[in-house]
Amino acid sequence: MKSLINILDLSVEEIDELIAKANDIIANPDKYREACRYKKLATLFYEPSTRTRLSFEAAMLELGGSVLGFSEANSSSAAKGESVADTARTVSCYADIIAMRHPKEGAPLVAARSASIPVINAGDGGHNHPTQTLTDLLTIYREKGRFNNLTLGFCGDLKFGRTVHSLISAMSRYQGIKFVLISPHELKLPSYVKKDAIKEKGIPYVQTTDLEEVMPDLDILYMTRVQRERFFNEEDYLRLKDSYILDMPKLANAKADLSIMHPLPRVNEISTAVDDDPRACYFRQALNGKYIRMALILKLLEEAGR
Amino acid sequence: MNIDSIQNGVVIDHITAGCGMQLYDLLGLDKLDCSVAIIKNVHSRKMGKKDIIKIDADIPMDFDVIGYVDPGVTLDFIKDGKLIDKRTVDLPLTLTNVLRCKNPRCITSIEQELDHIFKLTDPEKKIYRCVYCETKANT
């Protein structure tokens with residue numbers, strides 16, 4: 001049973017196929033209105049989420065399917081101590097596909113090993129979030145029309161930001177890529193990510209603390225939130241949370257066709273004044289999240305023969 | 001120093017000097033009733049020094065544990081005082097319940113029934129990572 005736990009579970013060809021399918025869904029929505037009729041998506045969300053859960057639910061509803069599930073651990077048998085494996089086995093009796101978010105790393109893999117239906121990792125702690133990466137890839141493709149020959153800047157929390165790690169790994173498979181890593185020293189990209197995804201592939205990269213200095217080079221600026229929930233120590237969070245705030249003056253030297261992305265939710269790292277700039281594409285990115293999840297649900301259900 | 005030959009059992013030979021006790025612990029040899037000899041720092045022409053473990057009982061061997069601790073060892077299987085089989089062990093591709101994941105954010109930290117499974121991700125540097133959270137094992 002094929003599940004999606006890590007973005008690296010997908011080959012470049014499979015990602016290309018999903019991007020093409022999502023583009024076809026955007027161009028021809030009527031074609032897909034009944035594609036998942038009588039099919040059920042179970043959304044098992046053990047921690048809060050707005051975009052991911054609602055975009056999964058919207059995706060299934062737009063495919064003509066239906067949705068069941070829970071949005072916090074307290075409203076499931078997890079509160080009684082049921083294991084993830086048992087929950088997955090049980091839900092397999094009621095649904096055709098599972099989307100799972102869990103605060104503990106590896107929980108969706110445990111579910112996938114026990115379930116008899118496909119499992120999609122909708123985020124496991126600070127570890128993997130492959131559908132966010134697919135969302136980011138669809139956004140890059142729709143904004144730029146290509147994956148090759150791009151300079152990507154990542155700014156903010158590069159240490160705990162799982163979306164950053166996954167997107168760097170995914171983009172490192174394309175030609176002509178350059179990475180610019182902008183963060184405070186305490187939130188630098190972990191050395192193992194840098195080694196595996198950048199250095200070993202011979203990809204050029206720049207590491208800096210100064211966003212404005214590198215701004216003119218960027219084709220894409222991927223902003224991130226400093227996430228309170230990833231810190232064990234509140235003092236560290238307070239000290240680092242306002243390290244980078246993107247506003248219009250900082251964009252003065254940016255390219256005219258820069259694409260500003262953010263996985264959302266935003267706190268204050270992008271000024272609301274930037275929202276009306278055509279280069280801001282983070283709300284288009286959120287919309288793309290629904291389309292790529294539609295493509296993924298279709299692919300996994302088809303492969304599972306359901 | 002003389003240690004008696006064994007009649008039925010296993011000799012774990014060519015253990016890197018100093019690794020004998022770790023193997024003894026991880027293989028759970030302290031729980032056996034039979035004679036078990038650990039000989040440390042034995043002179044070896046090939047290795048300079050080596051450890052040897054002799055187990056005087058026909059017990060199943062966990063080749064994954066042995067390969068993980070010391071992939072260079074050889075195992076001599078003895079029956080009725082004669083060598084009947086000899087084998088070497090490689091670094092295992094996966095280790096189940098040999099190492100514990102210490103990442104407090106890993107699912108294994110809250111689900112006690114889950115096996116702790118580690119995968120070999122870098123054979124040259126002997127790096128194992130938890131299959132659930134990908135945290136590097138402390139070796």
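Residues numbered from 1 in each chain as written. Chains lettered and ligands numbered in written order. Predicted model: local features only at pLDDT ≥ 70, side-chain atom pairs only at ≥ 80, totals over all residues. Heavy atoms only, no water.

## Quick notes on the interface of chain A and chain B
With 20 residues of chain A at the interface, the matching set in chain B holds 16 residues. For the pairing of chain A and chain B, the buried interface totals around 1,300 Å² over both sides, and the portion due to carbon and sulfur atoms is 52%. Taken as a group, K104(A), E105(A) and V110(A) account for 39% of the area that chain A buries against chain B, more than any other trio of residues on that side. Viewed at the interface, chain B and chain A are joined by 0 salt bridges. If you look at where chain A meets chain B, you find 7 residue pairs in polar contact (both at pLDDT 80 or more). Within the residue set of the side of chain A that touches chain B, elements represented by two or more residues are helix 4 (107-114) and helix 7 (191-199) of chain A. It is helix 4 of chain A that contributes the most residues to the side of chain A that touches chain B, 4 residues altogether. Tallied by class, residues from the side of chain A that touches chain B come to 8 nonpolar, 6 polar and 6 charged. (Contact = heavy atoms within 4.5 Å. Buried area = accessible area lost by both parts, 1.4 Å probe. Salt bridge = Lys/Arg side-chain N within 4 Å of Asp/Glu carboxyl O. Polar contact = N/O pair within 3.5 Å; in protein donor to acceptor, adjacent residues only side chain to side chain. Helix = DSSP H or I, 4+ residues; strand = E, 2+ residues; numbered from the N terminus. Nonpolar A, V, L, I, M, F, W, Y, C, P; charged D, E, K, R; others polar.)

## A look at the pairing of strand 2 (residues 36-44) of chain B
Residues and elements named next belong to chain B. Examined bridge by bridge, strand 2 and strand 3 (residues 48-55) share 7 bridges and lie antiparallel to one another. By the bridge assignment, I38 is partnered in strand 3 with I53. Between strand 2 and strand 3, which pair antiparallel one after the other, the connecting turn spans 3 residues. (Pairing = 2+ DSSP bridges.)

## Regarding helix 2 (residues 51-62) of chain A
All names here are of chain A. Over its 12 residues, helix 2 runs 16 Å from end to end, which matches the ideal 16 Å to within 8%, given 1.5 Å per residue. Restricting attention to buried positions, one finds in helix 2 the residues T52, S55, F56, E57, A59 and M60. On its buried face, helix 2 is in contact with strand 1 (40-45), strand 2 (66-70), strand 3 (97-102), strand 4 (119-124), helix 5 (130-144) and helix 10 (282-303). (Expected span 1.5 Å × (residues − 1). Buried < 20%, exposed > 50% of the residue type's maximum accessible area, 1.4 Å probe, protein only.)

## Describing the environment of K194(A)
Residues and elements named next belong to chain A. Structurally, K194 can be placed in helix 7. In this structure K194 touches L181, L189, K199, Y205 and Q207, once residues within four positions along its chain are discounted. In this structure the side chain of K194 is engaged in a polar contact, spanning 2.8 Å, whose partner is the side chain of Q207.

## Points about the packing of helix 1 (residues 12-27) of chain A against helix 10 of chain A
The packing of two helices is summarised by the inter-axis angle and the distance between the axes. Residues and elements named next belong to chain A. At a minimum axis separation of 8 Å, helix 1 and helix 10 run at an interaxial angle of 120°. The chirality of how helix 1 crosses helix 10 is right-handed. Residues E14, E17, L18, I19, K21, A22, I25 and I26 of helix 1 lie in contact with helix 10, whose contacting residues are N288, Y291, I292, M294, A295, L296, L298, K299 and E303. (Axes fitted to C-alpha atoms, helices over the stretch in contact; angles between N-to-C directions. Left-handed = near helix turned anticlockwise from the far one by under 90°.)

## Re a negative patch on the surface
On the surface, a cluster of negative charge is contributed by D210(A), E212(A), E213(A) and D217(A). Positionally, E212(A) belongs in helix 8 (residues 211-214). (Patch = residues over 30% accessible without salt bridge, like charges linked within 9 Å, V, L, I, M, F, W, Y side chains within 5 Å. Areas by Shrake-Rupley, 256 points an atom, 1.4 Å probe, with all protein chains shown as cover. Lys, Arg positive; Asp, Glu negative; His and termini not counted. Charge placed at Lys NZ, Arg CZ, Asp CG, Glu CD.)

## Considerations on the side chain of D51(B)
Residue and element names in this part refer to chain B. On the secondary structure map, D51 appears in strand 3. K40 is the oppositely charged side chain nearest to the buried, salt-bridge-free D51, at an N-O distance of 6.0 Å. From its side chain, D51 meets the backbone nitrogen of G18 in a polar contact 2.9 Å long. A polar contact is formed between the side chain of D51 and the backbone nitrogen of N41, at a distance of 3.0 Å. Residue contacts for D51: discarding those within four places in its chain leaves I12, D13, H14, I15, T16, A17, G18, C19, G20, I39, K40 and N41.

## Overview of the sheet that holds strand 8 (residues 220-223) of chain A
Residue and element names in this part refer to chain A. Spatial strand order, 7-6-5-8-9: 5 strands in an open sheet with parallel pairing. Bordering the open sheet on either side are strand 7 (205-208) and strand 9 (259-261), each of which pairs with just one other strand. Across the sheet, the mean angle from the axis of one strand to that of its neighbour is 15°, orientation sign disregarded. Pairing of strand 5 (residues 151-155) with strand 6 (residues 178-182), which is carried by 5 bridges, proceeds in the parallel orientation. Bridge pairing in strand 6 links C155 to I182.

## What to know about the sheet that holds strand 4 of chain A
Residue and element names in this part refer to chain A. Strand order in the open sheet formed by 4 strands is 2-1-3-4, with parallel pairing between adjacent strands. Taken across any chain shown, the strands that pair with only one partner, and hence form the sheet edges, are strand 2 and strand 4. For this sheet, the mean inter-axis angle between neighbouring strands, taken without regard to orientation, is 15°. Pairing analysis gives 5 bridges linking strand 1 to strand 2, with the strands arranged parallel. Considered in strand 2, the bridge of A42 is made with L68. The strands touched by helix 4 within the sheet are strand 3 and strand 4, with strand 4 carrying the most contacts at an inclination of about 165°.

## Focus: the pattern of salt bridges
Residues and elements named next belong to chain A. For the structure shown, the criterion picks out 19 salt bridges over all chains. Measuring nitrogen to oxygen at the nearest pair gives 3.4 Å for the salt bridge that ties E57 to R53. Here E57 pairs with R53, and both are found in helix 2, just 4 residues apart, close to one helical turn. The class of E57 is buried, set by a relative accessible area of 17%. For the salt bridge of K195 with E200, the shortest nitrogen-to-oxygen distance reads 3.2 Å.

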